[in-house]
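Close look at the chain arrangement
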Amino acid sequence: MVLGQLGGSISRALQQMSNATIIDEKALNECLNEITRALLQADVQFKLVRDMQTNIKKIVNLEDLAAGHNKRRIIQQAIFNELCKMLDPGKPSFTPKKGKTSIIMFVGLQGSGKTTTCTKYAYYHQKKGWKPALVCADTFRAGAFDQLKQNATKAKIPFYGSYMESDPVKIAAEGVERFKKENCDLIIVDTSGRHKQEAALFEEMRQVSEATKPDLIIFVMDGSIGQAAFDQAQAFKKIVSVGAVIVTKMDGHAKGGGALSAVAATKSPVIFLGTGEHMDEFEVFDVKPFVSRLLG
Ligand code: GDP
C-alpha cells in the first residue's frame, strides 16, 4: 500500500498531530508546516509547496477530522494525491512507435547528464528491439563527440558526428537525414550544453530544432540542482517545445523535488529517471514510488 510508504518527516508530523487532544486548525497548520519543511528540503519549489498547502486545507475538512475519522489517513491521502497531481501535467508525452521513424532531441545544461542519457535512452529501446541511432550535435564541448562515440560503440548503436564541422545545425540535419535513409526508428539528437543559460545556447537549440523537426524534445535535468530547477526548465521551454523531462542522478542524495518544478515549468511529464553512470541505470518514471521517496 502506497500510503504505508510515507516516510520519516511526514510520518512524524502526522504522529505529533494525532497526539494533540483537539484537531483544530492550529494543529493542522503545525502539521502542514512540518511537511512544508520536509518538501523544501527535498528541493520542491517554495511556490509549489505553498500551493499544495492551500489545496490540502481546502480538501481536508476539519469537521470530518473532529468527528473521529481516521485523521492521519485522510491527511496522508490528501498530501500524497496532491503531489501525484503536481507530477501529472494532464497529457502524456509523445510516444514513439517501433518501426516508424521518430526524431528525439535532447536539451539541457552542460553536466546535466544529457549525453549519458541519450545513450541510455537508445540502449533501453534497442534492448526492446528498436533500431536507434545517435547524432552528436554538440560542437561546443571538446570531447563531446568522443564521449558519444564511445558510448554508442559500446552499445553497438550507430552514431553520426564530426571532428571538423563546427556547425551543430548542419551536423544535426545531416545525421537525421542519414539515419532516416537507414530506416532507423529512433533518431536521437544530442545537443550542446554550456554551463549557464546563455542566449547563444538557446538560439542554437532553436535552430537545431527547426532543422531536425523533432517529434519530441526531452529536457534533461540534474536531480540535485535544487531550487534552480524551475527557472532552468522554463528557460528551455520558452525557446523550444519541450515535451518530456528526464531527471538524472537520482542515485545520489537528492530526493528530486526539482522534478515537480520541471513538470510545472514545461507542462510535460517526467518519463525516465537516471540512476547511475552506467548505460542500464535508467528507469521508467513511476509517480507513486517517486512521491514516496520525496516524502521520506
Ligand atoms: P552532459 O554535459 O549533460 O552531456 O553530461 P554527461 O552525460 O557528460 O554527464 C555528466 C556527468 O554526470 C558524467 O560524469 C556522467 O557519468 C554523470 N551522470 C550522468 N547521469 C548520471 C546518473 O544518473 N547518475 C550518476 N551518478 N551520474 C550520472
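As the structure is a computational prediction, the values presented were derived from the model and not from experiment.

Let's shift gears to the nonpolar core. Ranked by internal contacts, the top residues of the largest apolar core, which has 66 residues, are Leu-39, Leu-83, Phe-219, Phe-236 and Leu-260. When residues in this core are grouped by element, the largest group, seven residues, is from helix α5 (residues 71-86). Residues contacting Phe-236, with those up to four places away along its chain left out, are Val-107, Gly-108, Leu-109, Leu-201, Phe-202, Met-205, Phe-219 and Val-242. Listed in part, the 26 residues of the second largest apolar core include Cys-136, Phe-145, Leu-216 and Ile-271.

This paragraph deals with the sheet that holds strand β2 (residues 132-137). The eight strands are arranged β3-β2-β4-β1-β5-β6-β7-β8 in an open sheet whose pairing can be described as mixed. Only two strands of the sheet have a single partner each, and these edge strands are β3 (159-160) and β8 (282-284). Note that strand β1 (residues 102-107) and strand β5 (residues 216-222) share four bridges and pair parallel. Considered in β5, the bridge of Ile-104 is made with Leu-216. The sheet contacts of helix α10 (residues 229-239) involve β1, β5 and β6 (242-248), and relative to β5 the element is tilted by about 160°.

A separate point is the pairing of β5. The buried count for β5 comes to seven of seven residues, which makes it a mostly enclosed element. Viewed along the sheet, the connection from β5 through α10 into β6 turns out right-handed.

This part is about helix α2 (residues 25-41). End to end, α2 covers 24 Å across 17 residues, agreeing with the expected 24 Å (1.5 Å per residue, within 8%). What α2 keeps buried is the set Ala-27, Leu-28, Cys-31, Leu-32, Ile-35, Thr-36, Ala-38 and Leu-39.

Here the focus is the site of the ligand. With respect to spatial proximity, 17 residues lie near the ligand, and among them Gly-111, Lys-114, Thr-115, Thr-116 and Asp-251 are the closest. Within the side chain of Glu-277, an N or O atom sits 3.1 Å from an oxygen atom of the ligand. Its free accessible area being 580 Å², the ligand has 81% of it covered by the protein chains. Ranked by residue count, the leading element in the shell around the ligand is helix α6 (residues 114-127), at four residues. Across the shell around the ligand, the residue classes tally to one nonpolar, 10 polar and six charged.

About the thresholds
Residues numbered from 1 in each chain as written. Predicted model: local features only at pLDDT ≥ 70, side-chain atom pairs only at ≥ 80, totals over all residues. Heavy atoms only, no water. Core = buried A, V, L, I, M, F, W, Y, C linked by side-chain atoms within 4.5 Å. Buried < 20%, exposed > 50% of the residue type's maximum accessible area, 1.4 Å probe, protein only. Helix = DSSP H or I, 4+ residues; strand = E, 2+ residues; numbered from the N terminus. Contact = heavy atoms within 4.5 Å. Pairing = 2+ DSSP bridges. Axes fitted to C-alpha atoms, helices over the stretch in contact; angles between N-to-C directions. Right-handed = clockwise from strand over helix to strand, strands pointing away. Expected span 1.5 Å × (residues − 1). Near = heavy atom within 4 Å. Polar contact = N/O pair within 3.5 Å; in protein donor to acceptor, adjacent residues only side chain to side chain. Areas by Shrake-Rupley, 256 points an atom, 1.4 Å probe, with all protein chains shown as cover. Nonpolar A, V, L, I, M, F, W, Y, C, P; charged D, E, K, R; others polar.

This is a description of form; function is not addressed.
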